[in-house]
Amino acid sequence: MSSAQSDVGVLSEVSESELKRRLVHASGTGLPLLYVLGFVSWEQFGLVMLLVSAVAAILEFFRLVVGLDWGIYDELTRSYEQTNVAGYALYMFSMTAVVLVFAPHIAIPAALMLTIGDPVSGLLGTTREADESKRLRTLGAMFAVCFAVSAPFLVPAAGPVGWAAAAAAALAATAADGFKPVIASYVVDDNLSIPPAAALAASAVLAATGAAPLFG
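S.K.: Give a description of the packing of helix α6 (residues 87-101) against helix α10 (residues 190-209) that names residues and reports values.
M.R.: Packing of α6 against α10 brings their axes to within 7 Å, and their N-to-C directions diverge by 20°. If you check the angle between α6 and α10, you find them roughly parallel. The two elements α6 and α10 cross, and the hand of that crossing is right-handed. Here Gly87, Leu90, Tyr91, Ser94, Met95 and Val98 of α6 come into contact with α10, specifically with Asn191, Leu192, Pro195, Pro196 and Ala199.

S.K.: Account for the nonpolar core, with residues named and values stated.
M.R.: If you look at the biggest cluster of nonpolar residues, it comprises 42 residues, and the most contacted ones within it are Phe45, Met95, Ile106, Met113 and Leu206. Within the residue set of this core, elements represented by two or more residues are α4 (42-66), α6, α7 (104-124), α8 (136-158), α9 (161-178) and α10. Ranked by residue count, the leading element in this core is α7, at eight residues. Setting aside chain neighbours within four positions, we find Ile106 in contact with Leu154, Ala199, Ala202, Ser203, Leu206, Pro213 and Leu214.

S.K.: Can you lay out α8 for me, pointing to particular residues and giving the numbers?
M.R.: Within α8, the axis deviates most sharply at Ala151, by approximately 45°, and proline Pro152 lies no more than four positions further along. Here α8 has its buried residues at Thr138, Leu139, Ala141, Met142, Cys146, Val149, Ser150, Ala151, Leu154, Val155 and Ala158. Where the residues of α8 are buried, they touch α7, α9 and α10. Following α8 by one or two positions, Gly159 adopts a phi angle in the positive range, close to 70°.

S.K.: I'd love a proper account of the pattern of salt bridges, names of residues and values included.
M.R.: Throughout the structure, instances matching the rule amount to one salt bridge. Residue Arg63 is joined to Glu60 by a salt bridge in which the shortest nitrogen-to-oxygen separation is 2.7 Å. Of the two residues, Arg63 and Glu60 both sit in helix α4, three residues apart, roughly one turn of that helix. For Glu60, a relative accessible area of 5% puts it in the buried group.

S.K.: Just give me the short version of empty space enclosed by the protein, but keep the residues and values in it.
M.R.: Taken as a whole and judged by the stated rule, the model has two cavities of 30 Å³ or more. Its boundaries defined by the atoms lining it, the second largest cavity holds a volume of some 30 Å³. Forming the boundary of the second largest cavity are His105, Ile106, Pro109, Ala110, Met113, Leu154, Ala169, Ala198, Ala199 and Ala202. The element that contributes the greatest number of residues to the lining of the second largest cavity is α7, accounting for five residues.

S.K.: For the packing of α7 against α8, give the residues involved together with the corresponding values.
M.R.: Contact geometry of α7 with α8 gives a least axis separation of 8 Å together with a crossing angle of 160°. As the angle between them shows, α7 and α8 are arranged roughly antiparallel. As α7 packs across α8, the resulting crossing turns out to be right-handed. Counted together, His105, Ile106, Ile108, Pro109, Leu112, Met113, Ile116, Gly117, Asp118, Val120, Ser121 and Leu124 of α7 and Thr138, Ala141, Met142, Val145, Cys146, Val149, Ser150, Phe153, Leu154 and Ala157 of α8 form the full contact between these two elements. When the residues that make up the contact of α7 with α8 are grouped by side-chain class, the tally is 16 nonpolar, five polar and one charged.

S.K.: Account for the confidence of the model for the protein chain, naming residues and giving values.
M.R.: A residue-level look at the protein chain finds 79% of positions with pLDDT of 70 or above and a mean pLDDT of 85. Mean pLDDT across the secondary structure elements of the protein chain bottoms out at helix α1 (residues 3-12), with 45, and peaks at helix α3 (residues 30-36), with 97. Across residues 1-13 the pLDDT falls below 50, and counting only partners more than four positions away or on other chains, this stretch makes 12 contacts in the model.

S.K.: Describe the packing of aromatic side chains, listing the residues and the values that go with them.
M.R.: In this description, a pair of aromatic rings is defined by centroid distance and the angle of the planes. Overall, the coordinates contain seven aromatic pairs when judged by the stated rule. For the pair Tyr35 and Phe45, a centre-to-centre distance of 6.4 Å together with 25° between the ring planes defines the contact as stacked. Of this pair, Tyr35 sits in helix α3 while Phe45 sits in helix α4, and the two are 10 residues apart along the sequence. Its relative accessible area of 26% is what places Tyr35 among the partly exposed residues. A residue is classified by how much of its surface remains accessible, and Phe45, at 1% relative accessible area, is buried. Both rings, one in Phe143 and one in Phe147, keep their centres 6.2 Å apart while their planes meet at 15°; by these two values the pair is stacked. Of this pair, Phe143 and Phe147 both sit in helix α8, four residues apart, roughly one helical turn. Classification of Phe143 as partly exposed rests on a relative accessible area of 30%. Overall, the relative accessible area of 26% leaves Phe147 in the partly exposed class. Clustering of aromatic rings is evident, with ring pairs tying together Tyr35, Trp42 and Phe45.

Here is what the cut-offs are and how they apply
Residues numbered from 1 in each chain as written. Predicted model: local features only at pLDDT ≥ 70, side-chain atom pairs only at ≥ 80, totals over all residues. Heavy atoms only, no water. Axes fitted to C-alpha atoms, helices over the stretch in contact; angles between N-to-C directions. Helix = DSSP H or I, 4+ residues; strand = E, 2+ residues; numbered from the N terminus. Parallel < 35°, antiparallel > 145°, perpendicular 65-115°, else oblique. Left-handed = near helix turned anticlockwise from the far one by under 90°. Contact = heavy atoms within 4.5 Å. Core = buried A, V, L, I, M, F, W, Y, C linked by side-chain atoms within 4.5 Å. Buried < 20%, exposed > 50% of the residue type's maximum accessible area, 1.4 Å probe, protein only. Bend = angle between axes of the 7 residues up to and from the residue. Salt bridge = Lys/Arg side-chain N within 4 Å of Asp/Glu carboxyl O. 1 Å grid on protein atoms, 1.4 Å probe; cavity = no way out; pocket = protein on both sides within 12 Å on 5 of 7 lines; lining within 4 Å. Points joined across faces, edges and corners; volume = space filled by probe spheres on them. Nonpolar A, V, L, I, M, F, W, Y, C, P; charged D, E, K, R; others polar. pLDDT = per-residue confidence, 0-100. Phe/Tyr/Trp six-rings, centres within 6.5 Å; stacked < 30°, edge-to-face > 60°.

In structure tokens:
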């Protein structure tokens, strides 16, 4: 089978609901852009993220405990999320965590790796089981996107060391995206793991070199 035919086959496997999930996922890029474009200060951005996380927590409480059954949940959640905290909430929680802990040049790219890199990876990959790893070309695309969104923040903050920090962050995000381990029947969703993995990897490089501050 030719490469073109293979690509068509991959795209045909992307369901309409999966495409909707990815579009919603990518729309979260608007949150970090509030800070990047100067609409809010870093402190205000932290409050915004706390607010959206609180809303997500309330919605999940009503869905899982009270039994709220909105049709949109059927469209935007996967089967393994029906009785667990859904990916959209983990998405908000993980981004909020890195924003509250790390400096902007670490937290913003870590968030963008989730809002941009993960949807790109998801569209290039095929639907898979929770514990099934992605293909190498999909992982390569994820790494490239994550490196591209992190370098513009880390290089100005850390100079030449920023390239190494960006590569480390992209590699960690790619690893988190590529495999979802199942622990005690619970799927460790990449919505939860990508931002902290990327932030910790970048901060490890910056801490080892002292090239830039870690905390905001």
